[in-house]
Amino acid sequence: MLPSVKRTPRIALHAAAVLLTVTSASEAAADDGAGPFGVTAVAAATRQNARVGALFDGKQHVCTASVVRSPHRDLIVTAAHCLDDSDDLVFVPGYRAGAAPYGRWKVRKRYLPEGWSTGQSEDSDVAFATVAGDVQDVVGANLFATGTATGATAVTVTGYPSSRDVPISCTNKPTAHSRTQQRIECPGFTGGTSGSPWVNGDGRVVGVLGGHEQGGATADVSYSVVLGAEAAALYRDTVC
């Protein structure tokens, strides 16, 4: 299995990557409007960003996850490799500077695609989990969207590096890495950011950081599975 380069804590690979204090410009709408694109900044403490949180295994921050809409209002999406090793995961939406402003939510049932469960295929590195309680009622949720053409619009990626106590965010337009994988150029996405949602301007999750090289071998380029038929079927099975 490939090393979980964006899961485990590690020193930033590019110390020169600039993380700016967020402004309205640096969180440009994830569409074809004016940028700046490809700039990573500390994410503002907004209602939208509260839907994204850190995944903890005990006291260790291991990944990122986000709330997506579901009938039972208790569903999060992350990378499949984030759910492999621990039975004691806790989701903390809006985590910032050691605080849990929207509570700590115990991860309950996990839903992994067959391609990951049987062979840990990098093309199946997306998964869902339920939490103990109606987290969607507390922080809201984004729509999980499959079948979206890669690069049709820009997306905003928000995640939690293990080396930082605040989330970071970057907007850019994804490009195709292969038929089944998409990539995005955004600096500073180091260990802990696996599972970060790629959200377009309509509030739809069209990617989840993971996939190729379990998210990417460098901090400057990240990957996601192209959310297609397998992801759609998994979502349907999860919410039934």
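Before going into details, it helps to say that this report is about the structure given with it. The structure presented is a predicted model; accordingly, all values stated were derived computationally and were not measured.

In this section: the overall build of the protein. Within the protein, the regular secondary structure consists of three helices and 16 strands. The buried share among the 240 residues of the protein stands at 54%. Long-range pairs, those at least 24 residues apart, make up 69% of the contacts in the protein with a sequence separation of at least 6.

This part takes up the sheet that holds strand S13 (residues 181-185). With respect to topology, three strands assemble into an open sheet ordered S12-S13-S16, the strand pairing being antiparallel. One side of each edge strand has no neighbouring strand; the edge strands of this open sheet are strand S12 (175-176) and strand S16 (221-225). Of the strand pairs in this sheet, S13 and S16 are connected by five bridges, and their pairing is antiparallel. Bridge pairing links Ile 184 to Ser 222 in S16.

In spatial order, the strands read S3-S4-S5-S8-S7-S6; together these six strands close into a barrel with antiparallel pairing. Each strand of the sheet is rotated relative to its neighbour by a mean of 45 degrees, with strand direction disregarded. Of the strands in this sheet, strand S5 (75-78), strand S7 (105-111) and strand S8 (127-131) touch helix H3 (residues 229-239), which is tilted by about 20 degrees from S8.

Glancing now at the nonpolar core. A general feature of soluble globular proteins is that nonpolar side chains tend to end up buried together. In terms of nonpolar packing, the biggest core is built from 22 residues, with Leu 55, Val 67, Ile 76, Phe 91, Val 107, Val 131 and Val 135 touching the most fellow members. Contributions of two or more residues to this core are made by strand S4 (60-67), strand S6 (89-93), S7, S8 and helix H2 (135-139).

Our next topic: the state of the cysteines. Applying the stated criterion across every chain yields a total of two disulfides. Across the disulfide from Cys 63 sits Cys 82; the S-S distance is 2.1 Å. Between Cys 63 and Cys 82 the disulfide shows an S-S torsion of about -80 degrees. By sign, it is left-handed. Note that Cys 63 is positioned in strand S4 and Cys 82 in the loop between S5 and S6, a separation of 19 residues in sequence. A residue is classified by how much of its surface remains accessible, and Cys 63, at 0% relative accessible area, is buried. Classification of Cys 82 by relative accessible area gives buried; the value is 2%. Across the disulfide from Cys 170 sits Cys 186; the S-S distance is 2.1 Å. Disulfide Cys 170 to Cys 186: torsion about the S-S bond roughly -80 degrees, handedness left-handed. Of this pair, Cys 170 sits in strand S11 (residues 168-172) while Cys 186 sits in the loop between S13 and strand S14 (197-199), placing them 16 residues apart in sequence. There is no split in this pair, since Cys 170 and Cys 186 are both buried. With cysteine numbering restricted to those in disulfides and following the sequence, the protein has the pairing 1-2, 3-4.

This paragraph deals with H3. What H3 keeps buried is the set Ala 231, Ala 232, Leu 234, Tyr 235, Thr 238 and Val 239. The arc that holds the buried residues of H3, viewed along the axis, is 160 degrees, so those residues lie on one side. With respect to the buried face of H3, the exposed residues turned more than 90 degrees away are Ala 229, Arg 236 and Asp 237. Lining the buried residues of H3 we find S5, S7, S8 and strand S9 (143-144).

Two side chains bearing opposite charge may form a pair once their charged atoms approach each other closely. Taken as a whole, this structure holds three salt bridges when the rule is applied. The shortest N-O distance in the salt bridge between Glu 185 and Arg 183 comes to 3.4 Å.

Tracing the sequence through the fold places Gly 211 in the loop between strand S15 (204-208) and S16. By relative accessible area, Gly 211 is classed as buried at 2%. Sequence-distant contacts of Gly 211, that is, excluding residues within four places in its chain, are made with Glu 122, Asp 125, Gln 181 and Val 225.

Now for the pairing of S7. Both S6 and S7 contribute to a ladder of two bridges, which runs antiparallel. Bridge pairing in S7 links Phe 91 to Trp 105.

This brings us to the side chain of Asp 125. Among the secondary structure elements, Asp 125 is positioned in the loop between helix H1 (114-119) and S8. On the accessibility criterion, Asp 125 (0% relative accessible area) is buried. A polar contact of 2.9 Å, which involves the side chain of Asp 125, links it to the backbone nitrogen of Ala 80. Among the polar contacts listed, one links the side chain of Asp 125 to the side chain of His 81, at a separation of 2.7 Å. In contact with Asp 125, other than residues within four places in its own chain, are Ala 79, Ala 80, His 81, Trp 116, Gly 210, Gly 211, Gln 214 and Val 225.

What counts and what doesn't
- Residues numbered from 1 in each chain as written.
- Predicted model: local features only at pLDDT ≥ 70, side-chain atom pairs only at ≥ 80, totals over all residues.
- Heavy atoms only, no water.
- Helix = DSSP H or I, 4+ residues; strand = E, 2+ residues; numbered from the N terminus.
- Buried < 20%, exposed > 50% of the residue type's maximum accessible area, 1.4 Å probe, protein only.
- Contact = heavy atoms within 4.5 Å.
- Pairing = 2+ DSSP bridges.
- Axes fitted to C-alpha atoms, helices over the stretch in contact; angles between N-to-C directions.
- Core = buried A, V, L, I, M, F, W, Y, C linked by side-chain atoms within 4.5 Å.
- Disulfide = S-S within 2.5 Å.
- Arc of directions from axis to C-beta.
- Salt bridge = Lys/Arg side-chain N within 4 Å of Asp/Glu carboxyl O.
- Polar contact = N/O pair within 3.5 Å; in protein donor to acceptor, adjacent residues only side chain to side chain.

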